[in-house]
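Next come the chains, spelled out residue by residue.
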Amino acid sequence: MSKKKKDKNKDKGKDKRQDKVQSDIENDQSEGSLPAGAAVGVKIAFALLAVVVVVVGMYMLRENVLSSSTKPAGESVRVRLFDPPEWLPGNITDGVVADIQSVTKNRGTLDNDLTKDVFNSAGKNPWISKVHKVTRRKDGTILVRADFRRPFALVAFRPLAPGDVRVVDSAGVVLPLSPRLLNARGYVRIREITTDPPPAGEKWDSKPLDDALKLLGLIKDKPYISLIGSIEIERIINARVHLVMYAFTGDGRRVEILFGRFPVDDLDYCVSPARKIANLDKVVSANGGRFDAIREIDLRHDELHYRPY
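No experiment lies behind these values; they were computed from the predicted model shown.

Visitor: Tell me about the sheet that holds strand β7 (residues 228-237), and please be specific about residues and values.
Guide: Read across the open sheet, the eight strands follow the order β5-β4-β6-β7-β8-β9-β10-β11; overall the sheet is mixed. If you trace the sheet from one side to the other, it starts and ends with β5 (165-168) and β11 (305-308), each paired once. Looking at each pair of strands side by side, their axes are set apart by 20 degrees on average, direction ignored. Packing of helix α6 (residues 273-286) onto the sheet brings it into contact with β8 (240-248), β9 (254-260), β10 (294-298) and β11, and relative to β9 it is tilted by some 155 degrees.

Here it is, written out as structure tokens:
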């Protein structure tokens, strides 16, 4: 075979190998690749998915931020009273807390207005006379420091129907408490008040009641206070209230104690309230700390007068 023929056959073999390689490449592309239109579609789908992921992420971030500031963080807001007085019954304490707690419903501990609203709510409660401070603690508890109104006297007012009795504190503020829930023997009853009582939490507007409460304040710590049954309005002359107290002897007889009135000012002369109570102390002390065998004690004059039975 000539040299030219060999070179020609060699070139044909080379061409066949190249055609086979090109065929294999085309077959691989047809099996592992997508058409141009499909590839564009995939890219669009991935782009849309990325947008959705970003939008959902931003929404979830917004919800988390809102929930941290307006919703309870893990648990509901809890209101507590700081060192409530021992004399305040537990059921009343629970009621006060529940009343204050009502303003925290569906609110989180990070709510900026929460402590202010709790402060205002506590100040409106009839049992609270003054709110000193409201503190938000790290555990989410809202702590309320306040002064409480204490039952001081029972007030009976005309026309003296069974329900015409109210419980008041020393300032004459009506408390939301039924007299039936108190030990009546432990409280002095003030009688003959003619003005109607206000709603619970408000001060009773009555000059006679104010004077009666003032007199009760003078004797509330005396050893014989448990023997005083009532303070009554004896009469009112020229807008000046004259008071009388009633005590009881060991055998149940009633003792009348004529107190008279309080001076209007320094120029209004009458026996001073301090001297009247000092004279009453002397009589009771000399009588063994009781009112036995005494019918009447008159404290209205410079000289003490009393009558035995």
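Having seen the structure, we can now continue with the description.
Visitor: Describe the sheet that holds strand β1 (residues 78-81), and please don't skip the residues or the numbers.
Guide: Here three strands make up an open sheet; going across it, the order is β1-β3-β2 and the pairing mixed. Both outer strands of the open sheet, β1 and β2 (128-136), are each paired with one neighbouring strand and no more. Averaged over neighbouring strand pairs, the angle between their axes works out to 25 degrees when direction is ignored. Relative to strand β3 (residues 141-148), β1 runs parallel, the two sharing four bridges. Pairing of Arg 78 across the sheet is with Thr 141, part of β3. Strands in contact with helix α3 (residues 90-101) are β1, β2 and β3; relative to β1, the strand with the most contacts, it is inclined by about 140 degrees. Here helix α4 (residues 114-124) sits on the sheet in contact with β2 and β3, set at roughly 165 degrees to β2.

Visitor: Go over the environment of Ala 200 with me, naming the residues and quoting the values.
Guide: Its place among the elements puts Ala 200 in the loop between β6 (189-193) and α5 (207-219). Note: C-alpha distance between Ala 200 and Leu 177 (23 residues apart in sequence) is 8.7 Å. When residues no more than four places from it in sequence are discounted, the contact partners of Ala 200 are Pro 126, Val 174, Leu 175 and Pro 176.

Visitor: Pulling in residues and values, what's your account of the pattern of salt bridges?
Guide: Should their charged atoms come close, side chains of opposite charge can pair. Counted under the stated rule, the structure contains 18 salt bridges. Across the salt bridge formed by Arg 107 and Asp 111, the nearest N and O atoms sit 3.1 Å from each other. Each member of the pair, Arg 107 together with Asp 111, is buried. With a shortest N-O distance of 3.4 Å, Arg 240 and Asp 268 are connected by a salt bridge. Taken together, the positions of Arg 240 in strand β8 and Asp 268 in the loop between β9 and α6 put the pair 28 residues apart, joining distant regions of the chain. The network of salt bridges with shared partners includes Arg 107, Asp 111 and Asp 117.

Basis of the calculations
- Residues numbered from 1 in each chain as written.
- Predicted model: local features only at pLDDT ≥ 70, side-chain atom pairs only at ≥ 80, totals over all residues.
- Heavy atoms only, no water.
- Pairing = 2+ DSSP bridges.
- Helix = DSSP H or I, 4+ residues; strand = E, 2+ residues; numbered from the N terminus.
- Axes fitted to C-alpha atoms, helices over the stretch in contact; angles between N-to-C directions.
- Contact = heavy atoms within 4.5 Å.
- Salt bridge = Lys/Arg side-chain N within 4 Å of Asp/Glu carboxyl O.
- Buried < 20%, exposed > 50% of the residue type's maximum accessible area, 1.4 Å probe, protein only.

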